[in-house]
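# Coordinate analysis (summary)
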Amino acid sequence: MLNISDVVAGIAFVTLAATNVVLMLEASDPSRSGTTRTRLIALHKAAGYLFVILLCIMVYRMSQRLVGVGITGHLPTHLVLHIVLVLVIVPLLFLKILIARRYKHSHSSLKALGIAIFVISFALVSIPTLSELLRSSNPGSLGLRLAISLVVAICLVRGTLAFRPHAPAELSRIPKILPPATPLTTGQNAKDPMNLLLAQIERQTRDSKTLRFEIPKERGFHARPGQFLTFQWTVDDQRVTRSYTISSSPIHENYVEITPKRMENGCVSVFLNDRAKPGLAVEARGPYGQFYFDETVHKSIVLIAAGSGITPMMSMLRYIDDLKLSTPVTLLYFVRTAADIIFENELARLGRSLPNFKYEVCLSRPDPTWKGPTGRLTEELVSRNVTDLDSRTFFLCGPSGFMDNARQFLSTLGVKQDRILQESFGEGSSTTKSHPLEARPVDTLVFMRSEKVCQASAGSTLLDLAEQNGVQIPYGCRQGLCGTCATRVLSGTVEMGVETGLTADQKNAGYVLPCVSRTKGTVVLAA
């Protein structure tokens, strides 16, 4: 006859099994934030340990009852079935623990095993309980009626939930699309600067370093993998604006990393690689950019990068690793020599950690010891490494010529243009150069909404002129990349150095980026 402790232990046993299944399903929901998923996974592990401990106690008590009796033909049928279920659940539990530790990205297998363990646990507890209840109850007794009513009620509730109309899964997974020119932040607006403090420096190659900056605790910072920040550096008492892609996973909200590569004529990159020390303070805005990975949209991706173009790709890969996503990823990375491979150790680690990640590093100037692929990007190389071209989303980042060739190769292979995302970060730097004075008529700039008219000084951008005349135009990167300052031209012609921050619809509607645009004659802006 069952005692009260057996009943309590059985209820706790089934509850833990059900809790584990619910926690696993909730943690795999892509709409959950990284912090929430981490907490759910920790709770899942704790509940799993308690489940194993309780199972061991129940098996021990069962074995004590069978001492001197054994498993013979004299045992009741329900008790034999009880023993069989225990013998089944033990290897299933061992297999689930093995997969969770060694193959943690096999989410479908873990879910199936979790549900199977719950079903067996329920049967394991229900069989002896129901048998004892039926044996000890009299026909028509109150206890028997209550038990039957409870079972019927549970079945009706489950049936109602199963057949209740609900929105298709596809609709529930449609991401929220923000306006192209809106920075993706919460809390303070992205136009408000945040003060970062350099906390750690890690050398990647002979001419590149990763710089980790601490983010103020009071600052709400939320980025997407692939976006960038715009920094106001102070170099030799001069304020210089430069944008750098975030190379860390945006899951970490207390710090952000960038990986600048040293350029001989780049005053900021030389400063960051040669002179920057922990404790350096810098002002930053953002994050900005439409070049980012979204797991609810991009189900299978190919990353094609050259040189320091690996930085946004690393943010995406780390994000996928942090969230334990099963997204298939192929990386094709092109550098000159083995000494130029940025994140070499991290790529090797991710190759071991991510079961659906494969990558190739191609050298254009290999030494005799290099055993990997060599040469430049070709159609044949893409075809050899990417078989399912029709279902992939392609991310390109690198020098402009490299990305132009990559886009042309992909188009030739039949990849649609809307599935090719290109990071033009860094190309706006040329627009920040001062333009020499020219012997030309003085241009006029009219701000229609602000009702102000000014003369355009040589070399000044429309944003410079707006600021000089008290006209408010919101801005972010000041390099034509983020699109925050997009403003419509009502009449006249402007020379725009970079169009990256504009969407196709904005271009067709006559919008320009004042931060990288200059007047050509008389111009009327809607600002």
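Residues numbered from 1 in each chain as written. Predicted model: local features only at pLDDT ≥ 70, side-chain atom pairs only at ≥ 80, totals over all residues. Heavy atoms only, no water.

## Quick look at the sheet that holds strand S5 (residues 255–258)
As a reminder, the rule being used: For two strands to be treated as a pair, DSSP must find at least two bridges joining them. Put simply, DSSP marks the helices as runs of H or I at least four residues long and the strands as runs of E at least two long, and each gets a number from the N terminus on. The convention used is that axes are lines fitted to C-alpha atoms, helices contributing only their stretch in contact, and that angles between N-to-C directions extend from 0 to 180 degrees. We call two residues contacting when some pair of their heavy atoms lies within 4.5 Å.
One open sheet holds the six strands; their spatial order is S4-S3-S6-S1-S2-S5, and the pairing between them is antiparallel. Of all strands in the sheet, those bounded by a partner on one side alone are strand S4 (238–245) and S5. Between one strand axis and the next, the sheet turns through 35° on average, direction left out of account. Pairing between strand S3 (residues 228–235) and S4: eight bridges, direction antiparallel. Each residue of the ladder has a partner; that of Phe-231, found in S4, is Arg-242. The strands that helix H7 (residues 267–274) touches are strand S1 (194–205), strand S2 (208–214), S3 and S4; relative to S4, the one it contacts most, it runs at about 80°.

## Points about the nonpolar core
Threshold: Working definition of a nonpolar core: buried Ala, Val, Leu, Ile, Met, Phe, Trp, Tyr and Cys residues. They are joined through side-chain atoms within 4.5 Å. When a residue's accessible area, from a 1.4 Å probe over protein chains only, is under 20% of the maximum for its type it is buried; when over 50% it is exposed; and in between it is partly exposed.
One finds Leu-303, Met-313 and Tyr-333 to be the most contacted residues of the largest nonpolar core, which totals 29 residues. If you list the elements that add at least two residues to this core, you get strand S7 (301–306), helix H8 (310–322), strand S8 (329–335), helix H9 (344–353), strand S9 (357–363) and strand S10 (393–397). Among the elements that line this core, the one with the most residues is H8, at seven residues. Here Tyr-333 is in contact with Ala-305, Ala-306, Gly-307, Ile-310, Asp-340, Ile-341, Ile-342, Leu-347, Glu-360, Val-361 and Cys-362, once residues within four sequence places are set aside. Residues Phe-228, Leu-462, Leu-463 and Leu-502 belong to the second largest nonpolar core, which totals 28 residues.

## Description of the pairing of S9
To keep things clear, this is the line we draw: Whether a crossover is right-handed depends on one test, that the path from the first strand over the helix to the second runs clockwise when the strands point away from the viewer.
Of the pairings in the sheet, the one linking S8 to S9 comprises seven bridges and is parallel in character. Pairing of Val-329 across the sheet is with Phe-357, part of S9. Traced from S8 through H9 to S9, the parallel crossover comes out right-handed.

## Quick notes on the packing of H8 against H9
Convention followed: By definition, any crossing whose near helix is turned counterclockwise from its far helix by less than a right angle is left-handed, and any crossing with a clockwise turn is right-handed. Residues are sorted three ways: Asp, Glu, Lys and Arg are charged, Ala, Val, Leu, Ile, Met, Phe, Trp, Tyr, Cys and Pro are nonpolar, and all the rest, Gly among them, are polar.
Between H8 and H9, the least distance of the axes is 11 Å, while the angle of their chain directions is 35°. Crossing of H8 over H9 shows left-handed handedness. Touching Met-314, Leu-317, Arg-318 and Asp-321 of H8 are Glu-346, Leu-347, Arg-349, Leu-350 and Ser-353, all from H9. For the contact of H8 with H9, the residue count by class is four nonpolar, one polar and four charged.

## Focus: a nonpolar patch on the surface
How we decide: The patches reported here contain residues having more than 30% relative accessible area and no salt bridge. Joining distances are 9 Å for like charges and 5 Å for nonpolar side chains (Val, Leu, Ile, Met, Phe, Trp, Tyr). For the accessible areas, the method is Shrake-Rupley and the probe is 1.4 Å, while residue cover comes only from the protein chains on display. Salt bridge, as applied in this entry: a Lys or Arg side-chain nitrogen positioned within 4 Å of an Asp or Glu carboxyl oxygen.
Taken together, the side chains of Leu-50, Ile-53 and Ile-57 make up a nonpolar region of the molecular surface, amounting to roughly 280 Å² of accessible area. Looking at the secondary structure, you find Ile-57 in helix H2 (residues 34–66).

## Re unusual backbone geometry
Note that the residue after Gly-286, namely Pro-287, is joined by a cis bond; omega there is 10°. Along the polypeptide, Pro-287 turns up in strand S6 (residues 281–288). Positioned with a positive phi, Asp-236 is a non-glycine residue whose angle comes to about 55°. With respect to the secondary-structure elements, Asp-236 resides in the loop between S3 and S4. Phi is positive for Lys-324, close to 55°, though the residue is something other than glycine.

## Some remarks on the sheet that holds S8
Spatially, the five strands line up as an open sheet ordered S9-S8-S7-S10-S11, and their pairing is parallel. Lying at the two open borders of the sheet, with one neighbouring strand each, are S9 and strand S11 (420–423). Strand-to-strand twist in this sheet, taken as the mean axis angle between neighbours without regard to direction, amounts to 15°. Here S10 pairs with S11 via four bridges, running parallel.

## Considering helix H11 (residues 400–412)
Let me state the cut-off plainly: By this rule the span expected of a helix is its residue count minus one, scaled by 1.5 Å. Starting at the helix axis, one direction is taken to each C-beta atom, and the arc is that of these directions.
Over its 13 residues, H11 extends 18 Å from the first C-alpha to the last, a length consistent with the 18 Å expected when each residue adds 1.5 Å. Three or more residues of H11 are buried, namely Phe-402, Met-403, Ala-406, Phe-409 and Leu-410. Relative to the axis of H11, the buried residues are bounded by an arc of 125° and lie together on one face. Those residues of H11 that are exposed and angled more than 90 degrees off the buried face are Gln-408 and Thr-412. Residues of H11 that are buried sit in contact with S7, S8, helix H10 (379–385), S10 and S11.

## Things to note about the side chain of Glu-257
Under the convention used in this document: Distance and chemistry together define a polar contact, namely a pair of N or O atoms within 3.5 Å, with one atom able to donate a hydrogen and the other to accept it when in protein, and with adjacent residues in sequence counting only for side-chain atoms on both sides.
Topologically, Glu-257 is positioned in strand S5. The class for Glu-257 is buried, based on a relative accessible area of 7%. One polar contact links Glu-257 to Arg-212, side chain to side chain, over a distance of 2.7 Å. Side-chain polar atoms of Glu-257 contact the side chain of Arg-318, separated by 3.4 Å. Those residues within four positions of Glu-257 in sequence are excluded, and the remaining contacts are Thr-210, Leu-211, Arg-212, Thr-245, Ile-246, Ser-247, Ser-248 and Arg-318.

## Some details on the environment of Val-335
Looking at where Val-335 falls in the secondary structure, it is placed in strand S8. Along the chain, Val-335 and Ala-305 lie 30 residues apart, while their C-alpha atoms are 8.9 Å from each other. Leave out the neighbours within four places in its chain, and Val-335 touches Gly-307, Asp-340, Ile-341, Val-361, Cys-362, Leu-363 and Ser-364.

## Overview of the pattern of salt bridges
Throughout the structure, instances matching the rule amount to 13 salt bridges. Asp-321 is paired through a salt bridge with Arg-349; the nearest N and O atoms lie 3.2 Å apart. Note that Asp-321 is positioned in helix H8 and Arg-349 in helix H9, a separation of 28 residues in sequence. Its relative accessible area of 5% is what places Asp-321 among the buried residues. The salt bridge involving Arg-392 is made with Asp-388; its shortest N-O contact spans 3.0 Å. What makes Asp-388 partly exposed here is its relative accessible area of 29%. Via salt bridges that share partners, Arg-212, Glu-257, Arg-318, Asp-321, Glu-346 and Arg-349 belong to a single interconnected network.

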